[in-house]
Amino acid sequence: MGQGPFLMDKLGLWNVRGLNRPQKQRDVLLFMHNFQVGMFGLLETRIKRTKILKAFLNLCREWSFFTNLDKHPGERIWLLWKPHIYKVDIRRTGEHVIHCAIKHIGTKKEMEVTWVYGFNDNGMRRKLWEDIKEIHKQSKGPWAIMGDFNNVLQSDERIGSKVTYAEIKGFKECMLKCEMQEMKSSESFYTWNNKQEGEDKAMSRIDRVLTNNDCMTTLPDSEVHYQNGGLFDHCPSLVRWEQPRKIQQKIFR
């Protein structure tokens, strides 16, 4: 099991909006190292075919990895994991999703995780909602969905333009059908911003982690922390599965 006080080593997620530049690759690698992440999803990588090998050598030397390149030419989703921490079984791949079963080698705990990148078009996202519903039919036990949905869920989740019911209807219906709920979260509320000020400022909550009841029952202290994105326009998401246990000090008389 990896270092740290948590029962399961942390999962991370980050829409990096392009990962061709070596400096960006180093920033991501440093983040994964500093936060002791055992499994990490990189979204909207846009890695060019001619740079895949170099990116692999920079990012994945100690990691196993899988992408949805065969479903989308832009490699929208990269999935990385430490093979001595997690055993991963890829079960479904699509242009919007990578769905897998994971097993933590140290604790033997198992769950299913769906990694999501939703297209920036309401009509095209309908396929995402259908894919998630299909996964729900096959899924058993603890299940989490995490990613950039490119879709707000509530009317107060965007600054800069009004949220309409038409754009959140499909997402809400999908969550209801699949019996999913948001994981408890902390730190940043808005997970994307355009780095502008004044009237040009735009912010929204489009990155999130959803879980089913089995997941919340198995890991009731789970929490996702939306970190400061720095120069990136998306916040990295860090899932801690359990809170550190407090050690009671013995009183010697």
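Residues numbered from 1 in each chain as written. Predicted model: local features only at pLDDT ≥ 70, side-chain atom pairs only at ≥ 80, totals over all residues. Heavy atoms only, no water.

Topic: the overall build of the chain
- A tally of helices and strands in the chain yields five helices and 16 strands.
- By principal-axis analysis of the C-alpha atoms, the chain measures approximately 65 × 45 × 40 Å.
- Burial analysis of the chain (253 residues in total) assigns 51% to the buried set.
- Restricting to contacts in the chain with at least 6 residues of sequence separation, those with at least 24 account for 64%.
- Only carbon and sulfur atoms are counted for the fraction: they give 50% of the accessible area of the chain, which is about 13200 Å². (Helix = DSSP H or I, 4+ residues; strand = E, 2+ residues; numbered from the N terminus. Buried < 20%, exposed > 50% of the residue type's maximum accessible area, 1.4 Å probe, protein only. Contact = heavy atoms within 4.5 Å. Areas by Shrake-Rupley, 256 points an atom, 1.4 Å probe, with all protein chains shown as cover.)

Considerations on the sheet that holds strand β1 (residues 10-15)
- Sheet architecture is open: seven strands sit in the order β3-β4-β2-β1-β16-β15-β11, paired in mixed fashion. If you trace the sheet from one side to the other, it starts and ends with β3 (64-67) and β11 (185-187), each paired once. Across the sheet, the mean angle separating the axes of adjacent strands is 20° when strand polarity is ignored.
- Here β3 runs beside strand β4 (residues 77-81); their pairing, made up of four bridges, is antiparallel. Bridge pairing links Phe65 to Leu80 in β4.
- Strand contacts of helix α1 (residues 22-34): β1, β2 (37-43) and β4, with the helix running at about 150° to β2, the strand carrying the most contacts.
- Against the sheet, helix α2 (residues 52-59) makes contact with β2, β3 and β4, and its axis sits at roughly 30° relative to β4, the strand it touches most. (Pairing = 2+ DSSP bridges. Axes fitted to C-alpha atoms, helices over the stretch in contact; angles between N-to-C directions.)

With respect to the nonpolar core
- Counting residues in hydrophobic clusters, the biggest one holds 29 residues, and the most contacted among them are Leu11, Met39, Tyr86, Ile102, Trp115 and Trp241.
- Secondary structure elements with two or more residues in this core: β1, β2, β4, β5 (86-93), β6 (97-104), β7 (110-117), β8 (143-148) and β15 (223-226).
- By residue number, the principal contributor to this core is β7, which donates four residues.
- With residues up to four places along the chain from it excluded, the contact list for Met39 reads Lys10, Leu11, Gly12, Trp63, Leu79, Leu80, Trp81, Tyr86, Val88, Cys100, Ile102 and Trp115.
- Core analysis: the next-biggest nonpolar cluster, separate from the first, contains 19 residues, Trp14, Val16, Leu19 and Cys60 among them. (Core = buried A, V, L, I, M, F, W, Y, C linked by side-chain atoms within 4.5 Å.)

Some remarks on the packing of aromatic side chains
- Inspection of the entire model under this criterion finds ten aromatic pairs.
- Taking the centre distance of 6.5 Å and the plane angle of 15° together, the rings of Trp129 and Phe149 count as stacked. Of this pair, Trp129 sits in helix α3 (residues 126-138) while Phe149 sits in the loop between β8 and β9 (158-159), and the two are 20 residues apart along the sequence.
- In this structure Trp129 comes out as buried when scored by relative accessible area, which is 5%. (Phe/Tyr/Trp six-rings, centres within 6.5 Å; stacked < 30°, edge-to-face > 60°.)

Section: the packing of α1 against α2
- Across the interface, α1 lies against α2 with an axial gap of 10 Å and an inter-helix angle of 30°. In this view, α1 runs roughly parallel relative to α2, as classed from their interaxial angle. Between α1 and α2 the crossing geometry is right-handed. Contacts from Gln25, Val28 and Leu29 of α1 reach α2 at Lys54, Ala55, Asn58 and Leu59.
- When the residues that make up the contact of α1 with α2 are grouped by side-chain class, the tally is four nonpolar, two polar and one charged. (Parallel < 35°, antiparallel > 145°, perpendicular 65-115°, else oblique. Left-handed = near helix turned anticlockwise from the far one by under 90°. Nonpolar A, V, L, I, M, F, W, Y, C, P; charged D, E, K, R; others polar.)

Description of the packing of α3 against helix α4 (residues 165-178)
- Contact geometry of α3 with α4 gives a least axis separation of 10 Å together with a crossing angle of 0°. Here α4 runs roughly parallel to α3, going by the angle between their axes. Together, Trp129, Ile132, Lys133 and His136 of α3 and Gly170, Phe171, Cys174, Lys177 and Cys178 of α4 make up the contact between the two elements.
- In the contact of α3 with α4, the residues fall into five nonpolar, two polar and two charged.

Looking at the sheet that holds strand β13 (residues 203-204)
- Strand order in the open sheet formed by three strands is β9-β13-β12, with antiparallel pairing between adjacent strands. Of all the strands in the sheet, just β9 and β12 (192-193) have a single pairing partner and so form its edges.
- In this sheet, β13 lies alongside β12 in antiparallel orientation, the contact comprising two bridges. Looking at β13, one finds that Trp192 is bridged to Ser204.

Focus: unusual backbone geometry
- The phi dihedral of Gln36 falls on the positive side, at around 50°, and the residue is not glycine.
- By the secondary structure assignment, Gln36 is in the loop between α1 and β2.
- Residues other than glycine seldom take positive phi values, yet Arg46 does so here, at roughly 55°.
- Within the secondary structure layout, Arg46 lies in the loop between β2 and α2.
- Of the residues examined, Arg46 reaches a relative accessible area of 40% and is grouped as partly exposed.

Geometric descriptors of this kind do not, in isolation, establish any biological role.
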